[in-house]
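Chains, contacts and geometry: an overview
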Amino acid sequence: MKLFMTSSPGGSACKDGRWTAAPFDAANGFLREFRRACRGETDCLILSSDPDNLRMGDEMQSFFQEAFRESGICVTRVDVCDRRMPQAADRLCCYGILILAGGHVPTQNAFFRQIGLREKIRRYAGVVLGISAGSMNCAEVVYAQPEEPGEAVDPCYVRYMQGLGLTHVNVLPHFQNVKGGRLDGLRILEDISLPDSRVRPFYGLPDGSWLYRADGRTVLNGEAWLLEAGTCIRICEEGESREVEDER
């Protein structure tokens, strides 16, 4: 398996106030390496983050078909695994690319458990692209930082849950929004992220940064921050790469 964990892989552009498909992000070598991993003609399956939002599934299908074409990646068909087609998870080997969509981490995690994805994806040998929530749910133990109003102050909100077990690394995507952001009257970085890093360390990834796991190695590409034991330290710069520990 070749696993790409991104905050956002790009693939979109705003023109005249309207978002349209575009090539995937070339920053920090992502497009080059993703294109290299996706050699040859193949099919793609998107695993939804909100299986009951059928309109979103249709939009993702159309969007990624165009993004692949714009990126010079030969994908002949894009399917969506949502409430309409959960059985697609039984045929992962038919697809050369799996996309774990972005969205709400707990909602996607529940859907993955319902379709038994953790067990089925272990036998998968193709390319996996995690996007935001999809990247977070790749972990053995998922850290689901509160993101929706009410979650940060809800004593029943579950921040740690079992994931797909593809990596031991926890990521916090869209880190450029975490610094200076607020939720439920709390400072996201100082009052949520840093205290939670005392339980498990995780990597803050701004959009454009990504992790790649293959052949037993996990490599961080682009600007990233390590949040651990209540501290936040930048460990990688834009344009740089470094191998990170992927064991617990």
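As a starting point, this report considers the structure included with it. Model, not experiment: these values are computed from the prediction. Counting restarts for each chain: residues are numbered from 1 in the order of the written sequence. Owing to the predicted nature of the model, reporting of local features is limited to residues with pLDDT of at least 70; listing and counting of side-chain atom pairs is limited to 80 or more, with chain, interface and lining totals taken over all residues. Working from all heavy atoms in the structure, the side-chain values ignore hydrogens and water.

To continue, consider helix α1 (residues 30–37). Because each turn of an α-helix spans 3.6 residues, side chains separated by three or four positions end up pointing in the same direction. Those residues of α1 that fall on the buried side of the exposure criterion are Phe30, Leu31, Phe34 and Ala37. Within α1, the buried residues cover an arc of 130° as seen down the axis, which keeps them to one side. When accessible area is computed with a 1.4 Å probe and restricted to protein chains, residues below 20% of their type maximum are described as buried, those above 50% as exposed, and intermediate ones as partly exposed. Helix and strand assignments come from DSSP, with helices taken as H or I runs of at least 4 residues and strands as E runs of at least 2, each series counted from the N terminus. Here, the arc refers to the directions that run from the helix axis to the C-beta atoms.

Attention now moves to the pairing of strand β15 (residues 217–221). The buried fraction of β15 is high, at four of five residues. For two strands to be treated as a pair, DSSP must find at least two bridges joining them. Pairing analysis gives five bridges linking strand β14 (residues 210–214) to β15, with the strands arranged antiparallel. Across the sheet, residue Ala214 finds its bridge partner in β15, namely Arg217. Connecting β14 to the next strand, β15, in antiparallel fashion are two residues, including Asp215 with a positive phi near 55°. By the bridge criterion, three bridges tie β15 to strand β18 (residues 241–243) in an arrangement that is antiparallel. Residue pairing across strands places Asn221 opposite Ser241, the latter belonging to β18.

Turning to the pattern of salt bridges, a few remarks are in order. Just to be clear on terms, a salt bridge is a Lys or Arg side-chain nitrogen sitting within 4 Å of an Asp or Glu carboxyl oxygen. For the coordinates displayed, the defined rule picks out 18 salt bridges. The residue Arg55 makes a salt bridge to Glu59 at a minimum N-O spacing of 3.2 Å. Pair noted here: Arg55 and Glu59 are both in helix α2 (residues 54–70), with a separation of four residues, about one helical turn. A relative accessible area of 65% means that Arg55 is categorised as exposed. The closest approach of N and O atoms between Glu237 and Arg234, which form a salt bridge, is 3.4 Å. Exposure remark for Glu237: the relative accessible area of 35% places this residue in the partly exposed category. We classify Arg234 as partly exposed; its relative accessible area is 40%.

Within the secondary structure, Leu117 is located in helix α4 (residues 117–121). Taking C-alpha positions, Leu117 is 11 Å from Arg91, a pair spaced 26 residues apart along the chain. It only takes one pair of heavy atoms within 4.5 Å for two residues to be counted as in contact. Leu117 has contacts with Leu47, Leu92, Leu100, Phe112 and Leu164, leaving out every residue within four places of it along the chain.

All right, on to the sheet that holds β15 then. Strands sit in the order β5-β4-β6-β7-β1-β14-β15-β18 across an open sheet of eight strands; the sheet is mixed. Whereas interior strands pair on both sides, the edge strands pair on one side only; in this sheet they are β5 (75–81) and β18. The sheet shows a mean angle of 20° between the axes of neighbouring strands, direction not considered. By the bridge criterion, six bridges tie strand β4 (residues 42–47) to β5 in an arrangement that is parallel. When the bridges of β5 are listed, Thr42 appears paired with Val75. The sheet strands contacting α2 are β4, β5, β6 (97–100) and β7 (127–131), and the helix crosses β5 at an angle near 160°. For helices, the fitted axis covers only the stretch in contact; all axes are lines through C-alpha atoms, and the angles between them, taken along N-to-C directions, range from 0 to 180 degrees.

Here the focus is the side chain of Thr42. As for its position among the elements, Thr42 is in strand β4. Its relative accessible area of 14% is what places Thr42 among the buried residues. Definition of a polar contact: a pair of N or O atoms within 3.5 Å, with one able to donate and the other able to accept a hydrogen when the atoms are protein atoms, and with sequence-neighbouring residues admitted only if both atoms are side-chain atoms. At 3.1 Å, the side chain of Thr42 and the backbone nitrogen of Gly96 are in polar contact. Once you skip the residues sitting within four places of it in the chain, Thr42 turns out to touch Cys74, Val75, Thr76, Arg77, Tyr95, Gly96 and Ile97.

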